[in-house]
Amino acid sequence: MQLTKTLLAGTALALLAGGASAMDLTFVSWGGAYQNSQLKAYVEPYVKEHPDVSVTWDESSAEAVAKLRAMNEAGNITWDLVDVVAADAIRLCDEGLAMEYDPDELLAPAPDGTPASEDFGDMIVSDCFIPQIVYSTAVGYRTDMVPEGEDPPSSICDLFDLQKYPGKRALEKRPINNMEWALYCDGVAKDDIYDVLATDEGQERALKKLDTIKSDVVWWNAGADTPQLLADGEVFMGSTYNGRLYSVIEDQHQPVGMLWDMQVFDLDGWIIPAGLPEDRLKAVEDFLKFGTDTQRLADQAKYISYGPARKSSAPLVPENMKQHMPTDPENAKNTLLYNYEFWADYRDDIDAKFQAWLAK
Amino acid sequence: MAVTIAKPTSATFAAGCAAGFGAFFGLFIGTASGSGPLGVIAGAVLMFVLSFLAVQTMRGQEKTAKWAFLVLFTVAGALFSGIPGAVLGLLFGYFFGHVTFWLASGRYRTALPPYLTPGQVLWHYAFRTIVGAILVFLITPILVVIPLSFNAENFFTFTPAMLHFDPAGYSLKHYRDFFTSSDWQGALWNSVRIAPVATILAVGFGTLAAIGLSQPHVPFRQWIMAILISPMIVPLIISAAGMYFFYSRIGLQGTYWGVVLAHAALGIPFVIITVTATLVGFDRSLVRAAANMGANPVTTFFKVQMPLILPGVISGALFAFITSFDEVVVVLFVGSAGQKTLPWQMFTGLREQISPTILAVATILVAISILLLTTVELLRRRSEKLRGMSPS
C-alpha cells in the first residue's frame, strides 16, 4: 500500500516535471538566409538533443528596440532570445531592456580552455551583448556594366567617380557608412574620419561630397533591396551586407562582383530580454551555452559568409568559405570598424542633418 | 445602330489623331529605350506619315491597308527586338490600322447624335480614354505580379529569357516553395484558422448591432453607431497599439483568441454598414405580421427578417473575412510568432528577402479572391431572382 502510494506520487511528480520542462521558446532574428544559418548551425542540433524544447521564430529584429520597449511597458515579455546588431544591443542595455551577463559563467570556454571572455575578446562591446558573427557592409557591382576599357572598380572612391563609372548607385538611407566613405574619398585620412565628422564643417563636407552623386543614388532601407536592384541592372553598384552579396554571386549566379575596399565591420549577436521568468531564462541559458560554443559558431559559416565572433572558431571555418569571409586577409586589406561610441553620441544630430539633406 | 451617317474625313485629320496616339505610345517605348521626349516626337512623326500615306493611297482598300499595317509593325517589331517585339508590333499594327480607318471613314461619329459639336465628340472619346487609363492604372500592378510569379530566377525581374517566351525562363519553383515550406504553410494554416472565426464573430455581433440600432426607440443611436464604426475610421496603428497594451494586461496578447477578437472588432463595422443599408429597405410591418400569427421574436428573425437581409449579411461577412485575411498591422501587435498569418509572413518576407514566393502567394490569393467574389455575386443574384427582387 505504502509502496503503491510512493510509486504513484513518484509518477505524478515525474509527469509534472516532464510537463513543466516542455518549453516553447521564441527566438527573434532577421529572417532569410541569416536566420536559416542560425537554424541549421545552432537550433536544429540543439532541439535534436533536447526534444522537449521547441523554437518559434519571429522575424522582428529590425524593430526589436521598439518592440522590447513596448513589451516592457506592457509588462509582457513574449520573446526569449533576440538577435540584434551591436548598436541596438548597446541601446537596449543602456535602457535596462536587455539582461547583463557574465561571459565566463554563461558561455562555454574554447576547446583549449581559454575562457569565453578572452575568446570573444573585444567583440563583447556591451555587458548585455553575446556576439555571434562579424559582418560587413561592402559594395557590389555589375561586372557586365563596367565601362569598356576600364578595370572593375577597386577602390571605395569609385563609388563617387561618375566620370569613370557612370550609372546609378544604391546606398543605405542613413548617414552611417555613407558619411565615412564620403570623407575618406574627399581626402580625409582614415584615422581622422571621426574627428572630422564630429564637427559641423566635417558633416557639411561629407554631405557636399555626397551631393556630387546624389542625383544618381537609389536609397535603400532593407538589406534585400540592393541585391534586387543589382539583379535588375537598375544600379551599377550598391552597398549592402556582404552575406547578401555572397548569395547573389554564389547562389543566384548573377554577374556581380565584390568591392571589399573600406568595408565597414559590424557585429551581430544575441541579447536576453530583461525580466524573463526563471524557467524560461534557464532554458535560454542552457541553449546559449551550446549555441555559442566554438564548433557551433564555426558551423554557421558553412551556411553564410559571415565570420564567427570567437577567435577559436576561425580555424574551423570550411576552406571554401574562407575567401568569402569579410575577415579574410585578402578582403580585409583596408577596412573600417563601426564606431559604436561615435554614433551613439552623434546619431540623432547627424541623422537629422542627413534627412534634411535628402529632402533638399 | 447608326445614329449619324459616317462622312469620310480628310487624311490630315485622321493622320493628326493617329499622330497623337503615336506620341502617347512613343512616350513609353522612348522611356524604355532611353529618351522619352525623343520617343514622343518619333512616334508622332512616324504615325502621321504612315496614316497620311495609308489614307491618301488606300482609302478604298481598307482591308488590305489594315493587313499592311499589321505585317509592317510585326516585322518591324521582330527586327527591333525579336519575339517580344513582334508581339508588341502585332498589337500596335492592329490598333493603328483600325484607328486610322475608323477615323478616316468617319465611323467614329455613327454612334453619336448628329448635333454634337466636334468638341463634344472629342470629349466623348477622351472621357472613355481617361476611364480606361484609370482602370489600367489600377489593375496593372496586380497583373504584373502574375507572370513574375512564374519567374525561374529568385528576383522580381523580367529576365531576358522570360521576355523571349523561353520555357526555361519560367518555372513553378516559387509555388513549390510555398507548398513545401513550413513557414508558409504554418502562416496559411494560421490565416485559415483565424479569418473564419473572426468572420463568424463579426457577423454575429455586427448583425445584431445593426438590427438593434435600426430600432427607432434605442437611445443615443448615433453615438453608439459612431463608436462601433470607429475601428474603420481610427488609424489602424492606433487601434493596434491600444489593443496591444489592453490585451497584454488581460493576458490575451500573443494568443489565438486575442487575434480573433481583434480581427472581429475590425470586421464589425463592415457588417454593421452593409446590414444597416439592407435594413433600410426592410418593411417592419412584416415583423408585426409574423408576431400577429403567433411567431416569437426568434422565429420571426430567422424565418422572416434574416432571409430578407441575407445579401447584406453575406457581403458584410465577405468584407469581414477579407479584412482579417489581409490584415497585417494589428496582427503584428496583437499576435506573437505563433500566430504568424499570411500577410505577416509576406510583410517580413518582402522586407528581409525579396523572394518571388511572395508573388506566387499573391497570385494564389488573387485567384481565391476572384473565385470568392464571383461565387458570392452569383449566389446573391440567384437568391434575388428566386425571391423575385430583380426583374430578369
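Residues numbered from 1 in each chain as written. Chains lettered and ligands numbered in written order. Predicted model: local features only at pLDDT ≥ 70, side-chain atom pairs only at ≥ 80, totals over all residues.

**Concerning the overall build of chain B**
For chain B, the count of helices and strands is 15 helices and zero strands. Scaling as 2.2 N^0.38, a compact globule of 392 residues should have a C-alpha radius of gyration of about 21 Å, whereas chain B reaches 29 Å, well beyond that. Its C-alpha atoms put chain B at 80 × 55 × 35 Å along the principal axes. (Helix = DSSP H or I, 4+ residues; strand = E, 2+ residues; numbered from the N terminus. Rg over C-alpha atoms; globule rule 2.2 N^0.38 Å.)

**Concerning the overall build of chain A**
A tally of helices and strands in chain A yields 15 helices and 10 strands. Across its three principal directions, the C-alpha atoms of chain A cover 95 × 40 × 40 Å. In chain A, which comprises 360 residues, the share counted as buried stands at 45%. A separation threshold of at least 6 residues defines the contact pool for chain A, and within that pool the share at least 24 residues apart is 72%. (Buried ≥ 20, exposed ≤ 12 C-beta atoms within 10 Å, placed from the backbone. Contact = placed C-beta atoms within 7 Å.)

**Let's talk about the packing of helix α6 (residues 173–180) of chain B against helix α15 (residues 357–386) of chain B**
Residue and element names in this part refer to chain B. One can describe the packing of α6 onto α15 by two numbers: an axis separation of 8 Å at closest approach and a directional angle of 80°. Judged by the angle between their axes, α6 and α15 are roughly perpendicular. Contacts between α6 and α15 involve His174, Tyr175, Asp177 and Phe178 from the first element and Thr357, Leu359, Ala360 and Val361 from the second. Taken together, the residues of the contact of α6 with α15 break down into five nonpolar, two polar and one charged. (Axes fitted to C-alpha atoms, helices over the stretch in contact; angles between N-to-C directions. Parallel < 35°, antiparallel > 145°, perpendicular 65-115°, else oblique. Nonpolar A, V, L, I, M, F, W, Y, C, P; charged D, E, K, R; others polar.)

**As for the interface of chain B and chain A**
Across the boundary between the two partners, chain B contributes 18 residues, which contact 20 residues of chain A. Among the secondary structure elements, those contributing two or more residues to the side of chain B that touches chain A are α9 (236–249) and α14 (342–352) of chain B. Here the side of chain B that touches chain A gets four residues from one element, more than from any other, and that element is α9 of chain B. For the side of chain B that touches chain A, a count of residues per class yields six nonpolar, nine polar and three charged.

**Structural notes on the pairing of strand β2 (residues 53–58) of chain A**
All names here are of chain A. Across six bridges, strand β1 (residues 23–28) lies against β2 in parallel orientation. The residue bridging Met23 from the neighbouring strand is Val53, located in β2. The β-α-β motif built from β1, the intervening helix α2 (residues 32–49) and the parallel element β2 has right-handed crossover chirality. (Pairing = 2+ DSSP bridges. Right-handed = clockwise from strand over helix to strand, strands pointing away.)

**Notes on the pairing of β1 of chain A**
Examined bridge by bridge, β1 of chain A and strand β3 (residues 81–85) of chain A share two bridges and lie parallel to one another. Opposite Phe27 of chain A, over in β3 of chain A, you have Leu81 of chain A as the bridge partner.

**A word on the nonpolar core**
Core analysis: the largest hydrophobic core is formed by 51 residues, its most contacted members being Val82, Ala89, Leu92, Ala98, Phe129 and Ile271 of chain A. Ranked by the residues each element gives to this core, the list is headed by helix α4 (residues 86–94) of chain A, at five residues. Sequence-distant contacts of Ile271 of chain A, that is, excluding residues within four places in its chain, are made with Val82, Val84, Ala89, Leu92, Ala98, Cys128, Phe129 and Ile130 of chain A. One finds Ala187, Leu228, Met243 and Val330 of chain B within the second-largest nonpolar core, a separate group that totals 45 residues. (Core = buried A, V, L, I, M, F, W, Y, C linked by C-beta atoms within 7 Å.)

**Notes on the domain arrangement of chain A**
All names here are of chain A. According to the domain assignment, chain A consists of domain 1 (22–134 + 268–322) and domain 2 (136–265 + 337–359). Inter-centroid distance (C-alpha atoms) of domain 1 to domain 2 is 29 Å. Listed per partner, the contact involves 10 residues of domain 1 and eight residues of domain 2. If you list the elements that add at least two residues to the side of domain 1 that touches domain 2, you get α2 and α4. (Domains from an automatic or database assignment.)

**Re the UniProt feature "domain: ABC transmembrane type-1" (unreviewed entry) in chain B**
Annotation from UniProt places "domain: ABC transmembrane type-1" (unreviewed entry) at residues 188–376 of chain B. Taken as a whole, residues 188–376 of chain B contains 81% helix and 0% strand, while its terminal C-alpha atoms sit 22 Å from one another. (UniProt positions renumbered as here; feature names shortened; annotations may be inferred.)

**Some words on the environment of Val145 of chain B**
Looking at the element boundaries, Val145 of chain B is found in helix α4 (residues 118–148). In this view, Val145 of chain B contacts Leu359, Ala362 and Thr363 of chain B; residues no more than four positions away in its chain are not counted.

**A word on helix α1 (residues 11–32) of chain B**
All names here are of chain B. An ideal rise of 1.5 Å per residue puts 32 Å on 22 residues; α1 measures up with 31 Å between its terminal C-alpha atoms. A bend of about 25° at Gly26 is the largest found in α1. Every buried residue belonging to α1 is among Ala14, Ala15, Cys17, Ala18, Ala19, Phe21, Gly22, Ala23 and Gly26, and all of these are buried. Contact partners of the buried residues in α1: α2 (36–58) and α3 (62–104). (Expected span 1.5 Å × (residues − 1). Bend = angle between axes of the 7 residues up to and from the residue.)

**Considering the confidence of the model for chain A**
Low-confidence regions, as indicated by low pLDDT, have predicted coordinates that should not be scrutinised in detail. Per-residue confidence for chain A averages 89 on the pLDDT scale, and 94% of its residues sit at or above 70. Here residues 10–20 of chain A is a poorly scored stretch, pLDDT under 50, and it has zero contacts once near neighbours within four places are set aside; other chains count. (pLDDT = per-residue confidence, 0-100.)

**Section: unusual backbone geometry**
Positioned with a positive phi, His253 of chain A is a non-glycine residue whose angle comes to about 50°. Position of His253 of chain A relative to the elements: it lies in the loop between α11 (242–251) and β8 (256–271). Residue His253 of chain A is classed as exposed on the basis of its C-beta count, with 9 C-beta atoms lying within 10 Å. Of note in this structure, Phe220 of chain B is not a glycine but carries a positive phi near 55°. Assignment of secondary structure puts Phe220 of chain B in the loop between α7 (182–213) and α8 (221–233).

**Overview of helix α9 (residues 200–211) of chain A**
In this model, α9 of chain A (12 residues) spans 16 Å end to end at C-alpha, consistent with the 16 Å of a helix rising 1.5 Å per residue. Its buried side turned inward, α9 of chain A meets α7 (178–185), α8 (193–197) and α15 (340–359) of chain A.

**So, the confidence of the model for chain B**
Taken residue by residue, chain B gives an average pLDDT of 87. The fraction at 70 or more is 98%. Two summary scores accompany this predicted model of the complex, namely pTM at 0.78 and ipTM at 0.76.

**Observations concerning the environment of Ile314 of chain B**
Residue and element names in this part refer to chain B. One can find Ile314 in helix α12 (residues 297–326). Since 18 C-beta atoms lie within 10 Å of it, Ile314 is described here as partly exposed. Sequence separation of Ile314 and Val275 is 39 residues, and the distance between their C-alpha atoms is 8.9 Å. Sequence-distant contacts of Ile314, that is, excluding residues within four places in its chain, are made with Val376 and Arg380.

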